[in-house]
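# Notes for the structure review
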Amino acid sequence: MCVQRADETDDQEDKKGVLPQQEVSVLEEYRLHYNPRSYYHSAWSSATSHLQTDNDEDNFLSTLTPSFWQQSNRYSVSCSRHLSSLEKNVPPDLAVNKVFEPEMPSESLDNRKPDLRPVKVEPRSFLKCRPGYTSMTLNLTKRPHPITWEEALELLQKVTFLKGSMKTSDVSRFLTELSHLSPGNVSLVRNDHRFIMLLQYSVEHLRLFTPPELLEVLQSFVWLDMPSVHSVLELYEAELSRRADQMSLHQLLLAADLWRCIGKQVPQFLQHLYDSVSLNLGQIGPVELVHLLYIMGEGRHCPKGLIRPVEQLLTLHLPQLYPEEVGAVCLGLFKSQTSMPESTVNRIVDKAHSFVQEMSDFAMVNVLKYLRFSYLLHKEWLEAMAQEVPQRAHGMGVQGLMHVALACSALHYRNDKILMAIAERIPSLVPRCRSKDSSKLLWAFGTLGFLPVQSPSFYPSLTDALRLRKAEFQRYPEHLLTALLGLAFVSHFPEDLITLALSPEFVDLALKSTKVELKKDLFTLNETVALELPHWTGPRISSELRKDVTEMLWNFAQSDVCKKPEVLMAESALQDLLGGAKFVSKRMILPHTRSI
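Given the structure is predicted, the values throughout are model-derived calculations rather than measurements.

This brings us to the layout of surface pockets. Its boundaries defined by the atoms lining it, the second largest pocket holds a volume of some 770 Å³. Around the second largest pocket, the lining is made up of 35 residues, and of these Val121, Pro123, Phe362, Gln399 and Gly400 lie nearest the centre. Those elements that provide at least two residues to the lining of the second largest pocket are helix H10 (249-262), helix H12 (286-299), helix H14 (323-335), helix H16 (361-374), helix H18 (398-410) and helix H20 (435-447). Among the residues forming the lining of the second largest pocket, the class breakdown is twelve nonpolar, eight polar and 15 charged.

Right under this line is the structure:
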């Protein structure tokens with residue numbers, strides 16, 4: 001099954017909303033019939049007993065679930081929370097500092113030392129696959145031969161001496177030579193008034209530069225570490241866009257790569273690149289295709305008119321791609337939110353599977369990201385992950401492991417070899433866990449029903465990580481709610497964090513989030529507390545908010561979920577079987593079960 005998941009990005013959760021019953025009163029009416037803790041105790045007590053006598057994790061889990069391959073829940077509501085877009089948000093100016101006071105974590109459950117070794121990830125490692133990339137990319141690992149500080153001062157002195165009499169070639173040469181300075185001295189040059197004067201002269205000569213000179217100057221800006229918001233860069237983007245018709249496809253790809261190295265988003269220029277690609281499809285070989293998809297991914301956009309040509313080019317060149325190139329292709333498609341037909345996705349993953357052992361951890365994770373986006377169940381690849389992840393987990397970073405777990409959760413694929421490998425690695429990585437990593441890991445493991453008894457330190461270590469990162473909730477309130485809902489799936493309820501999440505200050509903060517809809521999550525957590533913690537005396541959301549979300553979700557259910565063909569077919573069959581519509585009722589089960 002392959003369907004488009006247009007609301008999911010690199011930094012998004014594959015998270016489902018929860019639909020309420022038609023009225024809040026209906027929930028109250030059926031409260032006695034819904035007791036998750038009774039299931040929780042019986043399942044876990046038997047699990048504990050089984051675990052003590054049988055070390056076979058597969059046999060152990062088969063007693064708890066009918067199959068590791070959990071079928072997709074087609075009756076769930078996709079939550080419209082765009083997590084990655086919040087990276088650009090400014091923290092709301094709200095007086096909640098008292099709520100977010102640091103709290104000491106609980107004592108460590110084991111003696112494992114934190115793993116503070118940096119995990120090496122090379123997003124551009126695909127460039128090493130072929131020499132052809134050198135003509136259209138910049139190798140950031142090979143700085144130009146350095147010049148001394150004295151030589152730089154001489155160049156700056158020449159700028160003062162020549163002033164307005166400088167030729168266009170002089171301007172580009174001075175900038176290029178100054179960019180050969182060692183990184184430690186680059187900031188000194190950028191702040192020198194003579195360098196600022198040189199930039200002004202470069203703008204005056206902008207229309208006189210040849211395309212190669214323009215690219216040389218742009219490359220010098222990379223090595224000079226020019227801030228991506230520098231005003232002069234806007235002028236260079238405009239000039240390169242104006243000259244796009246005069247430049248070759250390779251020159252345009254090189255310019256796009258240089259803009260990426262600078263870190264500046266240039267949608268205007270990229271549109272000219274894409275127009276050129278459309279006109280020169282015959283020039284697109286494996287190198288050009290992989291690099292184009294990399295550029296599209298970093299630009300977070302693939303024009304609709306290029307999707308079909310890209311698919312055809314992928315079909316043509318896929319057999320010649322190397323492991324890291326396949327990883328780059330998957331990441332580019334994932335980041336640009338480009339949906340491919342199921343047959344094409346299958347071919348891409350088949351190719352990845354053919355040399356999975358040769359792929360880097362980064363490339364392997366990228367394949368999982370695109371599977372998650374495509375919502376494609378590729379059995380052979382996932383079975384390979386059951387072998388690869390346990391072997392690699394000890395050397396992987398927290399973000400890579402988080403994406404592995406998130407893919408398994410999104411695809412409803414539960415394999416305890418994968419989950420145990422991640423769970424055993426994570427506690428040592430807690431110092432590196434952002435609240436985002438902790439929350440998504442808790443959500444993924446919770447929705448997959450990973451039992452705390454299987455790895456006693458996993459859930460407590462991530463819960464402690466959340467406490468250490470409380471300050472991040474001011475900017476990303478969704479992370480706390482995601483984590484708590486994930487924990488609810490395994491009947492873990494850290495009351496101090498729940499108190500925080502349902503406090504008036506935090507609720508106000510969450511509701512003011514402009515790009516993330518958090519009403520449903522607040523409602524779900526509130527109703528979970530009502531059912532699971534009968535002794536609870538802490539804060540709750542207001543009755544007005546509760547009523548508003550109940551109506552909103554049930555209206556959506558009636559207009560969308562309840563009208564799905566599968567639901568209508570089941571409803572009709574039950575009515576025929578039982579003797580009429582009066583004997584059949586359909587509603588959603590609260591609070592954190594999403595089935596009809």
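Picking up after the structure, the text goes on.
Time to look at unusual backbone geometry. A positive phi angle, near 60 degrees, is found at Arg300, a position not held by glycine. For Arg300, the position within the fold is in the loop between H12 and helix H13 (304-317). Residue class for Arg300 comes out partly exposed when judged on its relative accessible area of 46%.

Position of Met247 relative to the elements: it lies in the loop between helix H9 (231-243) and H10. In this structure the C-alpha to C-alpha distance between Met247 and Thr210, which are 37 residues apart in sequence, comes to 9.9 Å. Not counting the four nearest positions on each side in its chain, Met247 is found in contact with Pro211, Leu215, Leu240 and Leu252.

Moving on: empty space enclosed by the protein. Under the counting rule described, the total for this entry stands at six cavities of 30 Å³ or more. What the largest cavity holds in volume is close to 100 Å³. Considering the residues around the largest cavity, the lining is formed by Ala256, Trp259, Arg260, Gly263, Lys264, Gln265, Val266, Leu270, Ile295, Glu298 and Gly299. At the level of secondary structure, the elements contributing two or more residues to the lining of the largest cavity comprise H10 and H12. Residue composition of the lining of the largest cavity, by class: five nonpolar, three polar and three charged.

Calculation rules
- Residues numbered from 1 in each chain as written.
- Predicted model: local features only at pLDDT ≥ 70, side-chain atom pairs only at ≥ 80, totals over all residues.
- Heavy atoms only, no water.
- 1 Å grid on protein atoms, 1.4 Å probe; cavity = no way out; pocket = protein on both sides within 12 Å on 5 of 7 lines; lining within 4 Å.
- Points joined across faces, edges and corners; volume = space filled by probe spheres on them.
- Helix = DSSP H or I, 4+ residues; strand = E, 2+ residues; numbered from the N terminus.
- Nonpolar A, V, L, I, M, F, W, Y, C, P; charged D, E, K, R; others polar.
- Buried < 20%, exposed > 50% of the residue type's maximum accessible area, 1.4 Å probe, protein only.
- Contact = heavy atoms within 4.5 Å.

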